[in-house]
2 protein chains.
Amino acid sequence: MTANDGRSATGGGATDATRGDTVAAVVRQWRAVHPGLDTGPMEIIGRINRCAALLQQAEDAPLRRAGLSRPEFDLLGALRRTGHELTPGELARETFSSGAAVTKRLKQLTERGLVERRGDTRDRRVAHLRLTDAGRDLVDGILPEQLAYESAVLSGVRAPERDELAALLAELLGQLEGRLDALRV
Amino acid sequence: MTANDGRSATGGGATDATRGDTVAAVVRQWRAVHPGLDTGPMEIIGRINRCAALLQQAEDAPLRRAGLSRPEFDLLGALRRTGHELTPGELARETFSSGAAVTKRLKQLTERGLVERRGDTRDRRVAHLRLTDAGRDLVDGILPEQLAYESAVLSGVRAPERDELAALLAELLGQLEGRLDALRV
DNA sequence: AGCAGGTGTTTTACCTGTAAAAAATATTGG
DNA sequence: CCAATATTTTTTACAGGTAAAACACCTGCT
């Protein structure tokens, strides 16, 4: 499901641990209203959506302290981890965003002195972007904080389960990435 | 991680199934640049984010055919599955969105005749929202399509793994929902 | 050479969300 | 009863994204 699956808090009360997470509660509501439907997919998709929402909310905190939004950090991170210059188009593919969005972010990041632009000498349509020293230092400063914070957030799940979860997610993601073009809606 | 984990396509080539999903590739890049860091959290958080992004993109298609955005459907769905009227504040909590966003969506959905508003007689600040017949029919029409579509998207993963995945996600989500207030950044 | 069509990037117009302030009403304590 | 405070919802100003169009440039064909 999209929203009615993992994007809902159930009622005004506190989380009732004995009855499961919020997604379980939502699924129960749906089953009560539509007893015939197979709500199985909600148990996975709903939880992935909800986990993603909670994790992102938590993760944005360290970034905001550094004055960056997540999409901005995505862009800087792509430049950092690839280790070489990227064109706007490559950055768009790399960060899964639209070209227009990349253009806007690049404008701001360039003004802030985190990124530098260089025109291609052969093809004058294309630009090459690279991190400035300040940009690289910023990413390198944030990344360990971010990872440490993520470790803390995940610490409630034991290592063997974490590995199992990572493996299953990898399988699902592989399917999704390979598929979705075929299933092209 | 936020983005530099699951939000990236790796290079221009096609997906290389033998080398894992895109997240694995991104993690490799980070490890090459920062060999000292524990990139473990990326394997989970990155994949959750990326799965969520892909799933949402796929799921939005059936909704768009019905002329609804996902946040709009969230709102209608909350009304449908709870089975009773909700106030704007309750809807905001139920859909995890801000009050202002709910106000805007309600305005549009009311204009479209999918939702009806009724003022509270005791407390004249609060409103009560309910689905119109058209709204209920729309939700009931979309939901089975949505679930069927989701089943198809998940069909690449076998049932036992799906159950295992759902269980592990439930555990993680339980931790996150119980925790995050405690870990309040 | 010159043009048709393709590609890379930016611009435009618009839409939606957010945070903070405002508005309207309720509640509480003197 | 009144003033102060709290609560519910809406409004405002703005930041950021998107799709489609516009721009600028390249490539290949004739």
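The text that follows walks through the structure, step by step, so that each part is easy to find. (Residues numbered from 1 in each chain as written. Chains lettered and ligands numbered in written order. Predicted model: local features only at pLDDT ≥ 70, side-chain atom pairs only at ≥ 80, totals over all residues. Heavy atoms only, no water.)

A look at the overall build of chain A
The line we're drawing: Here a helix means four or more residues in a row that DSSP labels H or I, a strand means two or more in a row labelled E, and each is numbered from the N terminus. Type-normalised accessible area, obtained with a 1.4 Å probe on protein chains alone, sets the label of each residue: buried when under 20%, exposed when over 50%, and partly exposed for intermediate values. Each accessible area value is a Shrake-Rupley result obtained with a 1.4 Å probe; residue values ignore everything except the protein chains displayed when judging cover.
On a plain count of helices and strands, chain A comes out with seven helices and two strands. When the helices and strands of chain A are read in sequence order from the N terminus, they spell out α-α-α-α-α-β-β-α-α. Here chain A holds 185 residues, and 48% of them are scored as buried. For chain A, the accessible area works out to roughly 8400 Å², and carbon and sulfur atoms hold 50% of it.

Let's talk about the protein's contact with DNA strand D
Under the convention used in this document: Summary of the distance rule: residues count as near a molecule or strand when at least one heavy atom falls within 4 Å of that molecule or strand. For the purposes of these results, a polar contact is taken to be a pair of N or O atoms within 3.5 Å, where, inside protein, one atom must be able to donate a hydrogen and its partner to accept one; residues adjacent in sequence count only when each atom of the pair is a side-chain atom. As a working rule, the residues Ala, Val, Leu, Ile, Met, Phe, Trp, Tyr, Cys and Pro are called nonpolar, Asp, Glu, Lys and Arg charged, and the rest polar, with Gly in that last group.
Within the structure, DNA strand D sits among 22 residues, and Ser98(A), Gly89(B), Thr103(B), Arg117(B) and Arg125(B) are positioned closest to it. Each atom of DNA strand D within 4 Å of the protein was classed as base or backbone; sugar and phosphate made up 59%. One of the side-chain N or O atoms of Arg105(A) is found 3.2 Å from a phosphate oxygen in DNA strand D. Here a phosphate oxygen of DNA strand D and a backbone polar atom of Arg122(A) are 2.9 Å apart. Per element, the largest residue contribution to the surface near DNA strand D is five residues, and it comes from helix H5 (residues 99–111) of chain A. Grouping the amino acids of the surface near DNA strand D by side-chain chemistry returns seven nonpolar, six polar and nine charged.

Some details on the interface of chain A and chain B
To keep it simple, the criterion reads: In this description, contact between two residues means that some pair of their heavy atoms is separated by no more than 4.5 Å. What makes a salt bridge here is a side-chain nitrogen of Lys or Arg within 4 Å of a carboxyl oxygen of Asp or Glu, nothing more.
Of the residues lining the interface, 88 residues belong to chain A; the matching set on chain B comes to 88 residues. The interface formed by chain A and chain B contains two salt bridges. A salt bridge links Arg50(B) to Glu177(A); the shortest N-O distance between them is 3.1 Å. There are twelve residue pairs in polar contact (both at pLDDT 80 or more) connecting chain A and chain B.

Notes on the side chain of Thr82(B)
One can find Thr82(B) in helix H3 (residues 70–82). Among the polar contacts listed, one links the side chain of Thr82(B) to the backbone oxygen of Leu79(B), at a separation of 3.4 Å. Other than its neighbours up to four places away in sequence, Thr82(B) contacts Gln29(A) and Glu94(B).

Re the relation of the copies chain A and chain B
The condition is simple: Superposition of the copies was done by least squares, using only C-alpha atoms of residues whose pLDDT is at least 70 in both.
Mapping chain A onto chain B leaves a residual RMSD of 0.0 Å; the transformation is a rotation of 180° accompanied by 0.0 Å of translation along its axis. Here the transformation between the copies is reduced to the relation of a two-fold axis. Most of the interface of chain A is mirrored in chain B, where 100% of its interface residues are also at the interface.

Quick look at the nonpolar core
Soluble globular proteins: nonpolar side chains tend toward being buried together. To be explicit about the condition: Residue types Ala, Val, Leu, Ile, Met, Phe, Trp, Tyr and Cys, when buried and joined through side-chain atoms within 4.5 Å, form a set referred to as a nonpolar core.
Of all hydrophobic cores here, the largest spans 92 residues; its most connected members are Ile48(A), Leu91(A), Ile48(B) and Leu91(B). Those residues in contact with Leu91(A) that sit more than four places away from it in its chain are Leu75(A), Ala78(A), Leu79(A), Leu86(A), Val102(A), Leu106(A) and Leu129(A).

Description of the protein's contact with DNA strand C
In the vicinity of DNA strand C there are 22 residues, among which Gly89(A), Arg117(A), Arg125(A), Ser98(B) and Arg122(B) approach most closely. What you see for DNA strand C is that sugar and phosphate hold 60% of its atoms within 4 Å of the protein. Take Thr103(A): an N or O atom from its side chain is 3.0 Å from a phosphate oxygen of DNA strand C. Interatomic distance of 3.5 Å between a side-chain N/O atom of Gln108(B) and a phosphate oxygen of DNA strand C. Of all the secondary structure elements, the ones that give two or more residues to the surface near DNA strand C are helix H4 (88–95) and H5 of chain A together with helix H5 (99–111) of chain B. Residue contributions to the surface near DNA strand C peak at five residues, all from H5(B).

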